[in-house]
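Each chain, letter by letter, is given below.
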Amino acid sequence: MNEDREVLKLVGARIRALRKERGYSQESLGEKGGFHFSYIGQIERGEKNVSLVNLAKIAESLEVNLIQLFAYVDEDFHFTESEVVIQEIVAMLRDASPDSIQLTKNVIREILK
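As the structure is a prediction and not an experimental result, all values here were calculated from the model.

Caption draft 1: Quick peek at the environment of Ser38. Here Ser38 lies in helix H3 (residues 37-44). Taking the C-alpha atoms as reference, Ser38 lies 8.0 Å from Glu27; in sequence the two are 11 residues apart. One polar contact links Ser38 to His36, side chain to side chain, over a distance of 2.8 Å.

Here's what the structure looks like:
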């Protein structure tokens, strides 16, 4: 049973780290995912055994792949070069204007045709 709690704490710590990296409060993350802020806090503290469906919603709200929630803070997890580049692009787009985002989308669409 203790090992179960350890997994919950590790995933919760990872969610907290990702949330803080993005400058989100528990309340704003909760709003994005459709959860109460206290539920986010319980997950981050490892108090809730969160469902896979809710983890997927949290990952989407944090704009990360679901697998990134399992890249524990204290483990040596390696992302592919492509994943690193994609995350850098997403970080740049977060600060961009809506017009710049749309332009970027159009450029990417043309490149990938």
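Caption draft 2: Region of the structure containing the nonpolar core. Ile15, Ile58, Leu62 and Leu69 are the most contacted members of the largest nonpolar core, which totals 16 residues. Breaking this core down by element, the ones donating at least two residues are helix H1 (2-21), H3 and helix H4 (52-62). Residue contributions to this core peak at 4 residues, all from H4. In this structure Leu69 touches Val11, Arg14, Ile15, Leu18, Leu55, Ala59, Leu62 and Val64, once residues within four positions along its chain are discounted.

Caption draft 3: Inspection of the side chain of Arg19 at higher detail. Its place among the elements puts Arg19 in helix H1. On the accessibility criterion, Arg19 (7% relative accessible area) is buried. Looking at Arg19, its side chain comes within polar contact range of the side chain of Glu44, at 2.5 Å. In this structure Arg19 touches Tyr24, Ser25, Gln26, Leu29, Glu44 and Leu62, once residues within four positions along its chain are discounted.

Conventions adopted
- Residues numbered from 1 in each chain as written.
- Predicted model: local features only at pLDDT ≥ 70, side-chain atom pairs only at ≥ 80, totals over all residues.
- Heavy atoms only, no water.
- Helix = DSSP H or I, 4+ residues; strand = E, 2+ residues; numbered from the N terminus.
- Polar contact = N/O pair within 3.5 Å; in protein donor to acceptor, adjacent residues only side chain to side chain.
- Core = buried A, V, L, I, M, F, W, Y, C linked by side-chain atoms within 4.5 Å.
- Buried < 20%, exposed > 50% of the residue type's maximum accessible area, 1.4 Å probe, protein only.
- Contact = heavy atoms within 4.5 Å.

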